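Architecture at a glance
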There are 2 protein chains.
Amino acid sequence: MSDIPLAPWRSPLARALHRNRSLVYARYVQLATVRSDGRPANRTVVFRGFLELTNQLKFIADTRSQKIDQIWVQPWGEVCWYFPKTREQFRLLGTLEAVAAEHPNHALLQARRNLWRELSDAARVQFAWAEPGIARSETVASETVAIEISPPDAAEPLPNFCLLLLNPTQVDHLELRGDPQNRYFYSKDSEAGREAWAVQTINP
Amino acid sequence: MSDIPLAPWRSPLARALHRNRSLVYARYVQLATVRSDGRPANRTVVFRGFLELTNQLKFIADTRSQKIDQIWVQPWGEVCWYFPKTREQFRLLGTLEAVAAEHPNHALLQARRNLWRELSDAARVQFAWAEPGIARSETVASETVAIEISPPDAAEPLPNFCLLLLNPTQVDHLELRGDPQNRYFYSKDSEAGREAWAVQTINP
């Protein structure tokens, strides 16, 4: 672990997560992407921790969902993360990568499998539901569907299960509690061979 | 009031607002826009109610902020609104309009002025702060700045104060509490002379 350069925004983010840990939804963030027609899309996703030995955030997604289609065209995403208790916001802009069943990287496939195993049955069963976003079949009562679908195998992910990674290149941290507020802007230095970050205090 | 066609998503949204009213941050939403380089941007904004006699959501913005620059190029925005208590999400996609000091519409200018008057001194003084997003001057201690800036005139908005309107054309309402979840998709019928909405139940 001593060898990995933790990005400098990791420590204020960890502090915010800790101070807001009593709120389950402090791990819910909003992920913005861009649709193929150039309009923005925005939805709530659950933060699933960091990919080991990296500064990449883990989320889960269904390969059948629109966000997966969108990042094929435009891989950039921005997460907006508001912490209600400490009244602070992190905006994390970066590239998104979907790790699906056929991904060539074995370490990432293993990370995908591990994340699937950590999920609850309730989270896993959602990947066995009917295709998201299309008209709901009216002939089947929703209750019936829920009873009929048994939880998928906990060991092996369903093929439409995706590990979704955000690799941030800019992080904007705003503390609303200051008077005036405090705002810090972190940017990744892409010129450096190793991951290097610059930080600047900016006006809120 | 009887003459105004309230969009059909207004009533579930009003119900969510009511049921989550004990949480001040249930009025905080995430607004996604698109940057001039085609990447998404996402930040938290405060819902300020609906513009009278319309289905347009009101927010406030600083003309010096990046979102105002962004909507000049790409006026589409998507609000993601998560309600923690009732575990439901509204995604509202629509066009954004900034109503600044020189806006030609007198009714909108009046709405801008009214909103300014409704703000707290703490909200108004933010528009007197230094330009947002640029490097903070290190020669002036932040405490000094806060003391020196007195609250602006409550009657007349500062020139950089903007009323920001979102005019939704699509609303996606997801109820996480169902098993399986319930999801409703509302879309505005642009062909109709009057504002008309279609609603469909879709897979979560």
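Attention in this report is confined to the structure presented alongside it. Please read these numbers as outputs of a predicted model, since none were measured by experiment. (Residues numbered from 1 in each chain as written. Chains lettered and ligands numbered in written order. Predicted model: local features only at pLDDT ≥ 70, side-chain atom pairs only at ≥ 80, totals over all residues. Heavy atoms only, no water.)

**Focus: the overall build of chain A**
In terms of helices and strands, chain A carries five helices and eight strands. What you see in chain A, going N to C, is helices and strands ordered as α-β-β-β-α-β-β-α-α-α-β-β-β. On the principal axes, the C-alpha backbone points of chain A span a range of 55 × 40 × 40 Å. For chain A, buried positions account for 50% of its 204 residues. Element-wise, carbon and sulfur atoms account for 51% of the exposed surface of chain A, whose accessible area totals about 10,000 Å². Each charge class in chain A was averaged separately, 24 positive and 23 negative side chains, and the resulting centres sit 6 Å apart. (Helix = DSSP H or I, 4+ residues; strand = E, 2+ residues; numbered from the N terminus. Buried < 20%, exposed > 50% of the residue type's maximum accessible area, 1.4 Å probe, protein only. Areas by Shrake-Rupley, 256 points an atom, 1.4 Å probe, with all protein chains shown as cover. Lys, Arg positive; Asp, Glu negative; His and termini not counted. Charge placed at Lys NZ, Arg CZ, Asp CG, Glu CD.)

**What to know about the interface of chain A and chain B**
In this complex, chain A contributes 50 residues to the contact, which on the side of chain B involves 50 residues. Both faces combined, the contact of chain A with chain B buries some 4,400 Å², and carbon together with sulfur accounts for 53% of it. Contact with chain B buries surface across chain A, with Asn42(A), Arg136(A) and Asn203(A) losing the most and accounting together for 17% of the total. The tally of links between chain A and chain B comes to two salt bridges. Linking chain A with chain B are 24 residue pairs in polar contact (both at pLDDT 80 or more), by the criterion used here. Residues that form the side of chain A that touches chain B fall into these classes: 23 nonpolar, 17 polar and ten charged. (Contact = heavy atoms within 4.5 Å. Buried area = accessible area lost by both parts, 1.4 Å probe. Salt bridge = Lys/Arg side-chain N within 4 Å of Asp/Glu carboxyl O. Polar contact = N/O pair within 3.5 Å; in protein donor to acceptor, adjacent residues only side chain to side chain. Nonpolar A, V, L, I, M, F, W, Y, C, P; charged D, E, K, R; others polar.)

**Some words on helix H2 (residues 66-73) of chain A**
Residues and elements named next belong to chain A. Residues Lys67, Ile68, Gln70 and Ile71 constitute the buried set of H2. Considered in projection along H2, the buried side chains sweep an arc of 160° and stay on one side of the axis. Facing away from the buried surface of H2 by more than 90 degrees, the exposed residues are Trp72 and Val73. Looking at the buried side of H2, the elements it contacts are strand E1 (28-34), strand E2 (40-46), strand E3 (57-62), strand E5 (88-99) and strand E6 (161-175). (Arc of directions from axis to C-beta.)

**Digging into the packing of aromatic side chains**
Working definition: an aromatic ring pair is given by the centre-to-centre distance plus the angle between the planes. Tallying each qualifying case throughout the model produces 22 aromatic pairs over all chains. Ring centres of Phe47(A) and Trp81(A) lie 4.8 Å apart, and the angle between their planes is 55°; this geometry places the pair in the tilted category. On the criterion of sequence distance, the pair formed by Phe47(A) in the loop between E2 and E3 and Trp81(A) in strand E4 (residues 76-83) is long-range, its members being 34 residues apart. A connected cluster of aromatic rings, assembled from ring pairs, spans Trp9(A), Phe47(A), Phe50(A), Phe59(A), Trp81(A), Phe83(A), Phe90(A) and Trp197(A). Just above the ring of Phe50(B) sits the side chain of Arg10(B); from NZ or CZ to the centre is 3.5 Å. Its end group placed over the ring of Trp76(A), Arg39(B) keeps NZ or CZ at 3.5 Å from the ring centre. (Phe/Tyr/Trp six-rings, centres within 6.5 Å; stacked < 30°, edge-to-face > 60°. Lys NZ or Arg CZ within 6 Å of the ring centre and 35° of its normal.)

**Things to note about the relation of the copies chain A and chain B**
Note on the identical chains: chain A maps onto chain B by a rotation of 180° and an axial translation of 0.0 Å, with an RMSD of 0.0 Å. What we have between these two chains is a two-fold relation. The position closest to the rotation axis in chain A is occupied by the C-alpha of Ala32(A), lying 3.0 Å away. Looking at the interface residues of chain A, 100% of them are also at the interface in chain B, so both copies use one shared face. (Least-squares fit on C-alpha atoms with pLDDT ≥ 70 in both.)

**A closer look at a positive patch on the surface**
Together, Arg15(A), Arg19(A), Arg87(A) and Arg177(A) line one region of the surface with positive charge. Along the chain, Arg19(A) turns up in helix H1 (residues 10-19). (Patch = residues over 30% accessible without salt bridge, like charges linked within 9 Å, V, L, I, M, F, W, Y side chains within 5 Å.)

**Some words on helix H1 (residues 10-19) of chain B**
Residue and element names in this part refer to chain B. Residues of H1 that are buried: Arg10, Pro12, Leu13, Ala16 and Leu17. In an axial view of H1, the angular spread of the buried residues amounts to 165°, which keeps them on one side of the axis. In this fold, the buried residues of H1 make contact with strand E4 (76-83), strand E5 (88-99), strand E6 (161-175) and strand E7 (182-189).

**What about the side chain of Asn20(B)?**
All names here are of chain B. Structurally, asparagine 20 is set in the loop between H1 and strand E1 (28-34). Residue classification places asparagine 20 among the buried positions, given a relative accessible area of 0%. A polar atom in the side chain of asparagine 20 sits 2.9 Å from the backbone nitrogen of lysine 85. Within the structure, asparagine 20 has its side chain in polar contact with the side chain of threonine 86 (distance 2.9 Å). Not counting residues up to four positions away in its chain, the partners in contact with asparagine 20 are Ala26, Phe83, Pro84, Lys85 and Thr86.

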